[in-house]
Amino acid sequence: MDTTPVHSRLWHRDFWLLAIASFLLTMPMYMLIPLLPSWLEQRTDLSYMQVGIVMLAWGAGLFAFGPICNYLIQRCRRRMVYVYSALGVSVALFVFFLFEQNVDGWTLPWYAWAALRFMLGALFSLALMVLLSSLIIDVSESAYRTDANYAMVWFGRFPLVLGPLVALQLYRFIDIATISIIMSSMALLSALLVCLIRLPFKAPDDTFRVFSTDRFLLRENPLCFINLMLFTAFFGMLLFWLLDAVMYAMMMVGFYLAILMGKAFLSSTLRRLDMYLSFALSSLAFLLPVILLSEWVWNYISPVLLGCVAGLVCNRFMFIFLNISHHCQRGTSQSTFFLSWESGIALGVFLTFVAADKESVLLIALSLLALAFLLYFTFTRRWYEHHQNRLSGQ
């Protein structure tokens, strides 16, 4: 008897469980951005550059399990690959609680901390690649899969500003050890939620290799990957540079506006306007405080504009990666988008430690943003228009 579930709508029980699981697993990764550097500087003798390398190690770890992701999904139960990866993230986060309780543990060398961050990034990435490239597709009917990709990307992007915002507010009232338990519990709950979903039976492929780019990286155009990395490196620098709860909250408002506008700008009639609007909004975000000589504008208006830019860029590149993928590469396209976005954030955070002062941080960030827009308008857009393999709604 056929027990394969058929869903007449996108937002059904299993999809909600996966969306919440994705959100819960991503939140701790961004909560660590404002907390971990200051924590290490206070409790260890690591230099400023060594702390930066520890932060960057997370970005390097994102690619560790990618070449065997498809093999693990084919060889093992795909749901359990996610569950064990999320449990590994939970354990890695709990290690910070153990070190907080043991003062002698803080004498670890910088490379031990970098190794822990590398493993945290590797386990997190494996879990999200499995979710984006397999689980989401398996619980969504073919007619809804593009909308499913769109919705899932936003569940993973809101922690970009909500994670640091929550972390800063929690740190006002509770200590790092308690926050570590909260973050570890989020990852644990994510694993438990995925255990509850019902997946259709899927036989493994007849032939599959141990190492491959399937469900890992699209090879069509590496410059698209680099282009998105430049954008998100800018946002990574901005996240670490702001470190202000009010500005994070204002960026959330910008994200909401991007959601409202996003679908319209992805239509055939307006598809070229979103990146032009992003360029205009990012220019206004930095020019208005200078022109009006107002700190209020910088604290409240500029973060809204930059949050909107981040959302519009997120929408555009998610669909670029989707539409340049060939048949049966939908999952690979979403893993590629995820890796480009997250590695760019990690690079941006690292660059804040390379810069000598806040003025240098702003100069590097603006240079990255300008280069990203230049690359998009001179190359990426034209290449994409000539290499689409599917329509946006497919």
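Here's a quick rundown of the structure. Fair warning: this is a prediction, and the values are worked out from it, not measured in the lab. (Residues numbered from 1 in each chain as written. Predicted model: local features only at pLDDT ≥ 70, side-chain atom pairs only at ≥ 80, totals over all residues. Heavy atoms only, no water.)

Observations regarding the overall build of the protein
A count of helices and strands for the protein gives 14 helices and 0 strands. Taken from the N to the C terminus, the helices and strands of the protein come in the order α-α-α-α-α-α-α-α-α-α-α-α-α-α. Relative to the globule expectation of 21 Å for 394 residues, the C-alpha radius of gyration of the protein, 21 Å, shows essentially globular dimensions. Based on the C-alpha atoms only, the size of the protein along its principal axes is roughly 65 × 55 × 35 Å. Residues classed as buried in the protein amount to 56% of the 394 residues present. A fraction of 88% describes how many contacts in the protein between residues 6 or more apart in sequence connect residues 24 or more apart. Working note: accessible area of the protein is about 16600 Å², and carbon and sulfur atoms make up 66% of it. With 25 positive and 21 negative side-chain charges, the protein shows a spacing of 10 Å between the two charge centroids. (Helix = DSSP H or I, 4+ residues; strand = E, 2+ residues; numbered from the N terminus. Rg over C-alpha atoms; globule rule 2.2 N^0.38 Å. Buried < 20%, exposed > 50% of the residue type's maximum accessible area, 1.4 Å probe, protein only. Contact = heavy atoms within 4.5 Å. Areas by Shrake-Rupley, 256 points an atom, 1.4 Å probe, with all protein chains shown as cover. Lys, Arg positive; Asp, Glu negative; His and termini not counted. Charge placed at Lys NZ, Arg CZ, Asp CG, Glu CD.)

Things to note about the packing of aromatic side chains
With the rule as written, the count across this model stands at 28 aromatic pairs. Ring centres of Phe96 and Trp113 lie 6.0 Å apart, and the angle between their planes is 15 degrees; this geometry places the pair in the stacked category. Pair noted here: Phe96 is in helix H4 (residues 78–101) and Trp113 is in helix H5 (residues 110–138), with a separation of 17 residues, a long-range link. Trp113 carries the same exposure label as Phe96, and that label is buried. Ring centres of Phe234 and Phe286 lie 6.1 Å apart, and the angle between their planes is 65 degrees; on these two criteria the pair is classed as edge-to-face. (Phe/Tyr/Trp six-rings, centres within 6.5 Å; stacked < 30°, edge-to-face > 60°.)

Overview of the packing of helix H1 (residues 13–43) against helix H2 (residues 48–61)
The geometry of H1 relative to H2 is characterised by a closest axis approach of 10 Å and an angle of 155 degrees between their N-to-C directions. On the basis of the axis angle, H1 is roughly antiparallel to H2. Where H1 crosses over H2, the handedness of that crossing is right-handed. Of the residues in H2, those in contact with Met29, Leu32, Ile33, Leu36, Pro37, Leu40 and Glu41 of H1 are Tyr48, Val51, Val54, Met55 and Trp58. (Axes fitted to C-alpha atoms, helices over the stretch in contact; angles between N-to-C directions. Parallel < 35°, antiparallel > 145°, perpendicular 65-115°, else oblique. Left-handed = near helix turned anticlockwise from the far one by under 90°.)

Re the nonpolar core
Side chains of a nonpolar character, in soluble globular proteins, are inclined to be buried together. Counting 136 residues, the largest nonpolar core has Leu25, Tyr82, Val89, Phe124, Phe234, Phe317 and Phe337 as the members making the most contacts within it. Broken down by element, this core gets its largest block of residues, 17 residues, from H1. Sequence-distant contacts of Leu25, that is, excluding residues within four places in its chain, are made with Tyr82, Ala86, Val89, Phe124, Ala127, Leu128, Ala187 and Ser190. (Core = buried A, V, L, I, M, F, W, Y, C linked by side-chain atoms within 4.5 Å.)

Considerations on the environment of Leu273
In this fold, Leu273 is placed in helix H11 (residues 273–292). In this structure, the C-alpha to C-alpha distance between Leu273 and Tyr48, residues 225 residues apart in sequence, is 41 Å.

Considering H2
What sets the pattern is the α-helix's 3.6 residues per turn: residues three or four places apart point alike. Taking 1.5 Å as the rise per residue, H2 with 14 residues should run 20 Å; its terminal C-alpha atoms sit 21 Å apart, in good agreement. When we look at burial in H2, the residues that qualify are Val51, Gly52, Val54, Met55, Ala57, Trp58, Gly59 and Gly61. Buried positions along H2 lie against H1, H5 and helix H13 (330–354). (Expected span 1.5 Å × (residues − 1).)

Re unusual backbone geometry
Phi is positive for Arg215, close to 60 degrees, though the residue is something other than glycine. Here Arg215 is to be found in the loop between helix H8 (176–195) and helix H9 (222–242).

A few points about the side chain of Ser125
With respect to the secondary-structure elements, Ser125 resides in helix H5. Classification of Ser125 as buried rests on a relative accessible area of 0%. There is a polar contact of 2.6 Å between the side chain of Ser125 and the backbone oxygen of Leu62. Ser125 has contacts with Leu62, Phe338 and Leu339, leaving out every residue within four places of it along the chain. (Polar contact = N/O pair within 3.5 Å; in protein donor to acceptor, adjacent residues only side chain to side chain.)

Describing helix H12 (residues 295–323)
End to end, H12 covers 41 Å across 29 residues, agreeing with the expected 42 Å (1.5 Å per residue, within 8%). Of all the bends in H12, the largest measures some 35 degrees and sits at Ile301, one to four residues before the proline Pro303. The N-terminus of H12 is capped by Ser294, whose side-chain oxygen sits 3.3 Å from the backbone nitrogen of Trp296. (Bend = angle between axes of the 7 residues up to and from the residue.)

Section: the pattern of salt bridges
Between side chains of opposite charge, a pair can form when the charged atoms approach closely. If you walk through the whole model with that rule in mind, you get 5 salt bridges. Note that Asp14 and Arg13 form a salt bridge whose closest N and O atoms lie 2.8 Å from each other. Note that Glu342 is salt-bridged to Arg157, the shortest N-O span being 2.6 Å. Taken together, the residues span a long stretch of sequence, with Glu342 in helix H13 and Arg157 in helix H6 (residues 145–157) at a distance of 185 residues. Residues Glu342 and Arg157 agree in their burial class; the two are buried. Among the charged side chains, a salt-bridge network with shared partners connects Arg13, Asp14 and Arg198. (Salt bridge = Lys/Arg side-chain N within 4 Å of Asp/Glu carboxyl O.)

Observations regarding the packing of H2 against H5
Relative orientation of the contacting elements H2 and H5 amounts to 25 degrees, with a least axis distance of 6 Å. Here H5 runs roughly parallel to H2, going by the angle between their axes. Here H2 and H5 pass one another in a crossing that is right-handed. Judged by residue contacts, Gln50, Ile53, Val54, Met55, Ala57, Trp58, Ala60 and Gly61 of H2 engage Trp110, Trp113, Ala114, Arg117, Phe118, Leu120, Gly121, Ala122 and Phe124 from H5.

Spatial relationships are all this shows, so hold off on functional conclusions.
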